[in-house]
Amino acid sequence: MSDLHNNNEILEYLRDMNDRLRSLELRIADLESRNSPHVNDKMAAFLTVPDSIRKSLFAVSKLTSCTADEVSDITGRHRSIENKYLNELYRAGWLERERRGKKIYYSLSNKADSKTNEYWSAVEEVENKLDQLLG
């Protein structure tokens, strides 16, 4: 009986930790969004994404919904690095994420706010220019 009691305590502890982690992620995302400068120029808004994670952003934009493994296949970087970059993009509002079973899927943010729409139109603009230049 004590094993069952201990298992229930462990499960409750893990649930509590998960709730706290989610709360912290929301608070961090809120703080980061407050500290992000608002940029009116579309191209300049896109350039606010650090070079190191821009490659990940382009990879996700090519896929409808993807995991860090799928992004790493495109970028050639290790999955753990992509996971870090995808989480940074999520916290910055560029991506949405959804847990399906044991995997986390990332997709382009569909938020209706004007800042996100500016970002995505900037991404599309850059992709179109690259397509024109590279054929």
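Note: the structure precedes this text.
Residues numbered from 1 in each chain as written. Predicted model: local features only at pLDDT ≥ 70, side-chain atom pairs only at ≥ 80, totals over all residues. Heavy atoms only, no water.

(A) Quick peek at the overall build of the protein. Scanning the protein from N- to C-terminus turns up six helices and two strands. Listing each helix as α and each strand as β along the protein from the N terminus yields α-α-α-α-α-β-β-α. For the protein, the residues scored as buried account for 26% of the 135 residues in total. Across the protein, contacts joining residues at least 24 apart in sequence account for 51% of those joining residues at least 6 apart. (Helix = DSSP H or I, 4+ residues; strand = E, 2+ residues; numbered from the N terminus. Buried < 20%, exposed > 50% of the residue type's maximum accessible area, 1.4 Å probe, protein only. Contact = heavy atoms within 4.5 Å.)

(B) Spotlight on the pairing of strand S2 (residues 103-108). Bridge count between strand S1 (residues 95-100) and S2: six bridges; the pairing is antiparallel. Across the sheet, residue Glu-96 finds its bridge partner in S2, namely Ser-107. (Pairing = 2+ DSSP bridges.)

(C) Representation of the side chain of Glu-82 within the structure. By the element assignment, Glu-82 lies in helix H5 (residues 79-91). Not counting residues within four places of it along the chain, the set of residues in contact with Glu-82 comprises Ser-56, Ala-68, Val-71, Ser-72, Thr-75 and Arg-77.

(D) Structural detail: the environment of Ala-59. Considering the arrangement of structural elements, one finds Ala-59 in helix H3 (residues 51-62). In the structure, Ala-59 is positioned 16 residues away from Thr-75 in sequence and 7.0 Å away in space, judged by C-alpha atoms. Excluding residues that lie within four positions of it along the chain, Ala-59 makes contacts with Val-71, Ile-74 and Thr-75.

(E) Quick peek at the layout of surface pockets. Put simply, the largest pocket is a space of about 360 Å³. For the lining of the largest pocket, the elements supplying multiple residues, two or more each, are helix H1 (2-35), H5, S1 and S2. Tallying contributions element by element places H1 first for the lining of the largest pocket, with five residues. When the residues that make up the lining of the largest pocket are grouped by side-chain class, the tally is five nonpolar, three polar and five charged. (1 Å grid on protein atoms, 1.4 Å probe; cavity = no way out; pocket = protein on both sides within 12 Å on 5 of 7 lines; lining within 4 Å. Points joined across faces, edges and corners; volume = space filled by probe spheres on them. Nonpolar A, V, L, I, M, F, W, Y, C, P; charged D, E, K, R; others polar.)

(F) Quick look at the nonpolar core. Core analysis: the largest hydrophobic core is formed by 14 residues, its most contacted members being Leu-86, Leu-89 and Leu-95. For this core, the leading source of residues is H3, giving four residues. When sequence neighbours within four positions are dropped, the list of residues in contact with Leu-86 reads Ser-56, Val-60, Ala-68, Val-71, Leu-95 and Tyr-106. (Core = buried A, V, L, I, M, F, W, Y, C linked by side-chain atoms within 4.5 Å.)

(G) Representation of the packing of H3 against H5 in the model. Their axes nearest at 9 Å, the elements H3 and H5 cross at an angle of 85°. Between H3 and H5, the angle falls in the class roughly perpendicular. Counted together, Ser-52, Ile-53, Ser-56, Leu-57 and Val-60 of H3 and Glu-82, Tyr-85, Leu-86, Glu-88 and Leu-89 of H5 form the full contact between these two elements. Considering only residue class, the contact of H3 with H5 consists of six nonpolar, two polar and two charged. (Axes fitted to C-alpha atoms, helices over the stretch in contact; angles between N-to-C directions. Parallel < 35°, antiparallel > 145°, perpendicular 65-115°, else oblique.)

(H) View of H5. Its 13 residues place the ends of H5 18 Å apart at the C-alpha level, agreeing with the 18 Å of an ideal helix rising 1.5 Å per residue. Among the residues making up H5, those that are buried are Glu-82, Tyr-85, Leu-86, Asn-87 and Leu-89. On its buried side, H5 packs onto H3, helix H4 (68-75), S1 and S2. Positioned one or two residues after H5, Gly-93 has a phi angle of 90°, which is positive. (Expected span 1.5 Å × (residues − 1).)

On their own, these measurements won't tell you what the molecule is for.
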